[in-house]
Amino acid sequence: ADCRYTCHQECRSLIQLDCRRPGQCQSQLSPESTLRVPPCSQNVTQTVEEEKPEPPTVQEIKQKIEKYNAKVTNCLLMKLNDDGTYTGFIKVHLKLRRPVTVPAGIRPQSIYDALKEVNLAEMTDKRTSFYLPLDAIKQLHISSTTTVSEVIQGLLKKFMVVDNPQKFALFKEMRKDGQVLFQKLPLTEYPLYLRLLAGPDTDALSFVLKENETGEVEWDAFSIPELQNFLMILDKEEKDKIQQVHKKYERFKQRLQQTLKEARGKPG
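Computed from a prediction, not measured in an experiment: that's the story for all the values here.

1. Quick word on the packing of helix 1 (residues 58-71) against helix 4 (residues 191-198)
Thinking step 1. It is at 9 Å that the axes of helix 1 and helix 4 come closest, and there the two elements cross at 65°. Relative to helix 4, the crossing made by helix 1 is left-handed. Counted together, Ile 61, Lys 64, Ile 65 and Tyr 68 of helix 1 and Tyr 193, Arg 195, Leu 196 and Leu 197 of helix 4 form the full contact between these two elements.
Thinking step 2. Among the residues forming the contact of helix 1 with helix 4, the class breakdown is six nonpolar, no polar and two charged.

Given below as structure tokens:
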């Protein structure tokens, strides 16, 4: 009101005015100014909480499940329980580029082990590393209360992977306009609810287990045997690559020598 100071809206929180009349705040700026403030305003940052959507009612869930089941063609239906929760199936694609650590020298898990929840990984301290088949698919029967964290732990247990679950992350994959989009899911998200909203079509939504990329590899999260296994694998890959390069140029050398030999017998 006194100095007619004018500033951009984005700069308002950075401005500190030395008013000529201490104790009084500007009631409003000049008409030609770009900013109006309430009387005696101060540089106070207010946190606006985002309104979370209301959870769906049991009736809404029932309608969504009926609509979902009407589109199912593989008998993998969702079922509503009396307490309002529901169960169903999700498929998870495993796209792991790095080897995983598993127990060494133990028998495969049997149906008895699965029913009794026997953890075969605890029966031996021996460990080995190997690559899981790329793009393998695992089907899980889960509940609406099953979180992303529990899905990751369940997948690792089924494959007897003893790596820290924090090394992995669950992503949702969506296809739109010919593009494939990935989004990392928070550990507290409920995958079955996402599946219910998207419908059974895996082109609209699918789940992918990948390494938890954080920009840089956190080597402290790996044990010494794991790091040694990584070095062995990298050493083998390096030797294989060197051998491939040698074979490539050896073949090239043979063709070149053959061409020169044939050219010597020709005039000019």
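Next, the rest of the story.
2. Digging into the side chain of Glu 211
Thinking step 1. Among the secondary structure elements, Glu 211 is positioned in strand 8 (residues 206-211).
Thinking step 2. At a separation of 2.9 Å, a polar atom in the side chain of Glu 211 contacts the main-chain amide nitrogen of Arg 97.
Thinking step 3. Those residues in contact with Glu 211 that lie beyond four places of it in its chain are Lys 95, Leu 96, Arg 97, Arg 98, Lys 167, Phe 168, Ala 169 and Phe 171.

3. Considering the environment of Leu 185
Thinking step 1. Looking at the secondary structure, you find Leu 185 in the loop between strand 7 (179-184) and helix 4.
Thinking step 2. Between the alpha carbons of Leu 185 and Leu 170 there is a distance of 5.9 Å; along the sequence they are 15 residues apart.
Thinking step 3. Apart from the residues within four sequence positions on either side, Leu 185 is in contact with Val 148, Leu 170, Phe 171, Lys 172, Leu 194 and Phe 207.

4. Quick look at a positive patch on the surface
Thinking step 1. Residues Lys 241, Lys 247, Lys 248, Arg 251 and Arg 255 make up a contiguous surface patch of positive charge.
Thinking step 2. When you line up the elements, Arg 255 lands in helix 5 (residues 224-264).

5. Points about the pattern of salt bridges
Thinking step 1. Applying the stated criterion across every chain yields a total of six salt bridges.
Thinking step 2. The partner of Lys 95 in a salt bridge is Glu 173, and the shortest N-O contact between them spans 3.6 Å. Of this pair, Lys 95 sits in the loop between strand 2 (86-94) and strand 3 (100-103) while Glu 173 sits in strand 6 (residues 168-176), and the two are 78 residues apart along the sequence.
Thinking step 3. When its relative accessible area of 25% is taken as the criterion, Lys 95 is described as partly exposed.

6. A look at unusual backbone geometry
Thinking step 1. Its identity is not glycine, yet Cys 75 carries a phi of approximately 70°, on the positive side.
Thinking step 2. Examined against the element boundaries, Cys 75 turns out to sit in the loop between helix 1 and strand 1 (79-80).
Thinking step 3. Residue Met 160 is not a glycine yet carries a positive backbone phi of 55°.
Thinking step 4. Positionally, Met 160 belongs in the loop between helix 3 (148-158) and strand 6.

7. Examining the nonpolar core
Thinking step 1. By size, the foremost hydrophobic cluster in this structure holds 31 residues, and its most contacted members are Ile 90, Val 92, Phe 168, Leu 170, Phe 207 and Leu 209.
Thinking step 2. Listing elements by their share of this core, those giving two or more residues are helix 1, strand 2, strand 3, strand 5 (136-143), helix 3, strand 6, helix 4 and strand 8.
Thinking step 3. Among the elements that make up this core, the one with the highest residue count is helix 3 (five residues).
Thinking step 4. Those residues in contact with Ile 90, other than ones at most four positions away along the chain, are Lys 138, Gln 139, Leu 140, Ile 142, Val 151, Pro 191, Leu 192, Arg 195 and Phe 207.

8. Some details on a nonpolar patch on the surface
Thinking step 1. On the surface, Val 245, Tyr 249, Phe 252, Leu 256 and Leu 260 cluster together into a nonpolar patch covering about 480 Å² of accessible area.
Thinking step 2. Relative to the helices and strands, Val 245 is located in helix 5.
Thinking step 3. Overall, Val 245 belongs to the partly exposed group, its relative accessible area being 34%.

9. Concerning the pairing of strand 6
Thinking step 1. Bridge analysis of strand 6 against strand 8 gives six bridges, and the strand direction is antiparallel. Each bridged residue has a counterpart across the sheet, and for Leu 170 the counterpart in strand 8 is Leu 209.
Thinking step 2. In this structure, strand 6 lies alongside strand 7, joined through six bridges in antiparallel fashion. In the strand pairing of strand 7, Lys 172 is matched with Gln 183.

Thresholds, definitions, all that
- Residues numbered from 1 in each chain as written.
- Predicted model: local features only at pLDDT ≥ 70, side-chain atom pairs only at ≥ 80, totals over all residues.
- Heavy atoms only, no water.
- Axes fitted to C-alpha atoms, helices over the stretch in contact; angles between N-to-C directions.
- Helix = DSSP H or I, 4+ residues; strand = E, 2+ residues; numbered from the N terminus.
- Left-handed = near helix turned anticlockwise from the far one by under 90°.
- Contact = heavy atoms within 4.5 Å.
- Nonpolar A, V, L, I, M, F, W, Y, C, P; charged D, E, K, R; others polar.
- Polar contact = N/O pair within 3.5 Å; in protein donor to acceptor, adjacent residues only side chain to side chain.
- Patch = residues over 30% accessible without salt bridge, like charges linked within 9 Å, V, L, I, M, F, W, Y side chains within 5 Å.
- Areas by Shrake-Rupley, 256 points an atom, 1.4 Å probe, with all protein chains shown as cover.
- Salt bridge = Lys/Arg side-chain N within 4 Å of Asp/Glu carboxyl O.
- Lys, Arg positive; Asp, Glu negative; His and termini not counted.
- Charge placed at Lys NZ, Arg CZ, Asp CG, Glu CD.
- Buried < 20%, exposed > 50% of the residue type's maximum accessible area, 1.4 Å probe, protein only.
- Core = buried A, V, L, I, M, F, W, Y, C linked by side-chain atoms within 4.5 Å.
- Pairing = 2+ DSSP bridges.

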